[in-house]
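Structure at a glance
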Amino acid sequence: MRRVKNMSITRSLVSVVDDDESVRESLPDLLREFGYAVRAFSSAEDFLAADCIDQTSCLILDIAMPGMTGPALQQELKILGKEIPIIFITAQRDELVRARVLEQGAAELLLKPFSDTALRDAVNAALA
């Protein structure tokens, strides 16, 4: 399991990739309350360029973003050989997209707005 050391406490790193600034501000705060270390990115390209891919234990990823979409990042990570559990988040109810990302290995897809409990349960399951 990938973990980040912080003041002698080892915590799993959850990376959040979403083009919505309010999501990038609120989700990390909530995830920190759950005890996780968090990094947030405004695009898939920014995440790929970061130095934390190998430390990321779980990726929370928006489906629809400008530039590289969430599913495209999922495929790119597979090509790179990076096995990171992914929880997709989206405001659009589309069962075909849901089925496709889950079939491609996503741990979960949460519909916005989702509850704190649903997020915590999804992250815990992805890290188990």
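So, how was this worked out
- Residues numbered from 1 in each chain as written.
- Predicted model: local features only at pLDDT ≥ 70, side-chain atom pairs only at ≥ 80, totals over all residues.
- Heavy atoms only, no water.
- Helix = DSSP H or I, 4+ residues; strand = E, 2+ residues; numbered from the N terminus.
- Salt bridge = Lys/Arg side-chain N within 4 Å of Asp/Glu carboxyl O.
- Buried < 20%, exposed > 50% of the residue type's maximum accessible area, 1.4 Å probe, protein only.
- Patch = residues over 30% accessible without salt bridge, like charges linked within 9 Å, V, L, I, M, F, W, Y side chains within 5 Å.
- Areas by Shrake-Rupley, 256 points an atom, 1.4 Å probe, with all protein chains shown as cover.
- Lys, Arg positive; Asp, Glu negative; His and termini not counted.
- Charge placed at Lys NZ, Arg CZ, Asp CG, Glu CD.
- Contact = heavy atoms within 4.5 Å.
- Phe/Tyr/Trp six-rings, centres within 6.5 Å; stacked < 30°, edge-to-face > 60°.
- Arc of directions from axis to C-beta.
- Polar contact = N/O pair within 3.5 Å; in protein donor to acceptor, adjacent residues only side chain to side chain.

1. With respect to unusual backbone geometry
Geometrically, the link from Lys112 to Pro113 is a cis peptide bond, its omega value of -5 degrees lying close to zero. In this structure, Pro113 sits in the loop between strand E6 (108–111) and helix H5 (116–127).

2. A few points about the pattern of salt bridges
All chains considered together, the criterion is met by six salt bridges. Across the pair Lys112 and Asp18 runs a salt bridge whose closest N-O atoms are separated by 3.1 Å. Taken as a pair, Lys112 in the loop between E6 and H5 and Asp18 in the loop between strand E2 (9–17) and helix H1 (21–33) lie far apart in primary sequence, 94 residues in all. Since its relative accessible area comes to 25%, Lys112 is described here as partly exposed.

3. Brief notes about a negative patch on the surface
Taken together, Asp19, Asp20, Glu21 and Glu25 make up a surface patch of like negative charges. Note that Glu21 resides in helix H1.

4. Examining the environment of Leu102
Within the secondary structure, Leu102 sits in helix H4 (residues 95–103). Spatially, the C-alpha atom of Leu102 lies 9.4 Å from that of Ile86, the residues being 16 residues apart in sequence. The residues touching Leu102, leaving out its near neighbours within four places in the chain, are Ala107, Glu108 and Leu109.

5. As for the packing of aromatic side chains
The full count for this structure, using the stated rule, is one aromatic pair. Considering the side-chain rings of Phe41 and Phe47, the 5.5 Å spacing of their centres and the 75 degrees angle between planes classify their relative orientation as edge-to-face.

6. Here's the deal with helix H3 (residues 70–79)
Those residues of H3 lying buried are Gly70, Pro71, Leu73, Gln74 and Leu77. Buried residues of H3, seen end-on, are gathered within an arc of 160 degrees and therefore sit on one face of the element. The N-cap of H3, judged by a side-chain oxygen 3.2 Å from the amide nitrogen of Ala72 a few residues on, is Thr69. Where H3 terminates, the next one or two residues include Gly81, which has phi positive at roughly 75 degrees.

Worth remembering: the numbers are spatial, not functional.
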